[in-house]
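# Geometric and topological summary
Read off the chains here:
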Amino acid sequence: MMRILDVILGRRRLILTETQRAVLLRKGKLSDILVAGEHWVPRRNGELQMHDLINPRFISIYEDALIRTRPDLVERHLTVVETGADEVKVVNRNGRVYELVAPDHRVVFWTDAGDWTVDTVSLTETHEVETGLARRLARAGLTKALTAAEVAEGKVGILSVDGVVERVLEPGTYWFWTLGRKHLVKLVDTRWQTHEVVGQELLTADRVTIRVNLAADYKVADPMVAVTAVKDF
């Protein structure tokens, strides 16, 4: 009897599990997002796009249309992360770093797929990545947008950004955002060093040629001047 009634009403039964979701369109228009449970959907003039929460990302050709025409469904079922031109956002899922969203991008997640939090990092204030955040991103394997520079003990680094010398880096590890920028760190040894000039021939006043070896001990006192004032100190 139910089957006959369903045929008459032009509908069919759909059961979704806890990990399934479906985008329903009626006559070509976005109608609803179906969650776990029993649903009756139209047999004709209806379209279903199935999704599995095993993949937390919402990937659909209807993403833009949903955001533009059905903000109520978006607010109820989706978590939208958008970035401006001078910021990145770190998306955390269940307390762990899940994804890094680059500037001028949008990523959409199923809200029910996790406990989502978002941290915003401004690129206008600094292009250096805070050490704790850099380590979290490294553990999550999200370092494509980062570059690292290590300055060993006894040395300093001269940081240049897009060809402009910025500052001196003390010993340690530094992380920088590579998003649209090029970073170069030139290392300068600040310890006492010995420089030898071997086998130099000199002509004395009485025109006798002698061969001498020279040695000098030196130490760089001002690394910034040593790098910027001359070609090769």
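Details of the structure are given in the entry above.
An account of the accompanying structure is given in this report. (Residues numbered from 1 in each chain as written. Predicted model: local features only at pLDDT ≥ 70, side-chain atom pairs only at ≥ 80, totals over all residues. Heavy atoms only, no water.)

### Describing helix α4 (residues 131-139)
Those residues of α4 not exposed but buried are Leu-133, Ala-134 and Leu-137. Projected onto a plane normal to the axis of α4, the buried residues spread over an arc of 100° and lie on a single side. Those residues of α4 that are exposed and angled more than 90 degrees off the buried face are Arg-135 and Arg-139. Among the structural elements, β7 (87-93), β8 (96-101), β10 (116-122), β11 (128-129), β12 (146-151) and β15 (172-177) are those in contact with the buried residues of α4. (Buried < 20%, exposed > 50% of the residue type's maximum accessible area, 1.4 Å probe, protein only. Helix = DSSP H or I, 4+ residues; strand = E, 2+ residues; numbered from the N terminus. Arc of directions from axis to C-beta. Contact = heavy atoms within 4.5 Å.)

### Quick look at the packing of aromatic side chains
With the rule as written, the count across this model stands at four aromatic pairs. Centroid distance Phe-58 to Trp-110: 5.1 Å. Interplanar angle 85°. Geometry classified as edge-to-face. On the criterion of sequence distance, the pair formed by Phe-58 in the loop between β5 (46-52) and α2 (63-69) and Trp-110 in strand β9 (residues 106-110) is long-range, its members being 52 residues apart. For Phe-58, a relative accessible area of 2% gives the class buried. Taken together, the aromatic side chains of Tyr-98, Phe-109 and Trp-116 make up a single cluster linked through ring pairs. (Phe/Tyr/Trp six-rings, centres within 6.5 Å; stacked < 30°, edge-to-face > 60°.)

### Topic: the sheet that holds strand β16 (residues 183-189)
Within a sheet, each strand pairs with its neighbour through backbone hydrogen bonds, oriented either parallel or antiparallel. Spatially, β14-β13-β16 is the arrangement adopted by the three strands of the open sheet, whose pairing is antiparallel. Looking at the sheet topology across the chains shown, the edges are occupied by β14 (164-169) and β16. Averaged over all pairs of adjacent strands, the angle between their axes in this sheet comes to 25°, without regard to strand direction. Across seven bridges, strand β13 (residues 155-161) lies against β16 in antiparallel orientation. Counted as the bridge partner of Ser-160 is Leu-184 from β16. (Pairing = 2+ DSSP bridges. Axes fitted to C-alpha atoms, helices over the stretch in contact; angles between N-to-C directions.)

### Here we look at the nonpolar core
Ranked by internal contacts, the top residues of the largest apolar core, which has 21 residues, are Leu-30, Phe-58, Leu-66, Leu-78 and Trp-110. Within the residue set of this core, elements represented by two or more residues are β2 (20-26), β3 (29-34), α2, α3 (71-77), β6 (78-82) and β9. For this core, the leading source of residues is β9, giving four residues. Residues in contact with Leu-66, not counting those within four places in the same chain, are Leu-30, Ile-33, Phe-58, Pro-71, Leu-73, Val-74 and Leu-78. Membership of the second largest hydrophobic core comes to 13 residues, among which are Val-88, Val-121, Leu-123 and Leu-137. (Core = buried A, V, L, I, M, F, W, Y, C linked by side-chain atoms within 4.5 Å.)

### Some remarks on the sheet that holds β3
With respect to topology, three strands assemble into an open sheet ordered β3-β2-β5, the strand pairing being antiparallel. Of all the strands in the sheet, just β3 and β5 have a single pairing partner and so form its edges. Taking the axes of each pair of neighbouring strands and ignoring which way they run, one obtains an average angle of 20° across the sheet. Relative to β5, β2 runs antiparallel, the two sharing seven bridges. Bridge pairing links Leu-25 to Glu-47 in β5.

### Here we look at the environment of Pro-42
Mapped onto the elements, Pro-42 comes out in strand β4 (residues 37-42). For Pro-42, a relative accessible area of 15% gives the class buried. Each C-alpha atom, one on Pro-42 and one on Leu-25, is 9.4 Å from the other, the two residues being 17 residues apart in sequence.

### Section: unusual backbone geometry
In most cases, non-glycine residues show a negative phi, while peptide bonds are predominantly trans. Look at Lys-27: it is not a glycine, yet its phi comes out positive at around 50°. Within the fold, Lys-27 resides in the loop between β2 and β3. Here Lys-27 falls in the exposed class, since its relative accessible area comes to 69%. The phi dihedral of Asp-162 falls on the positive side, at around 55°, and the residue is not glycine. Structurally, Asp-162 is set in the loop between β13 and β14. Overall, the relative accessible area of 48% leaves Asp-162 in the partly exposed class.

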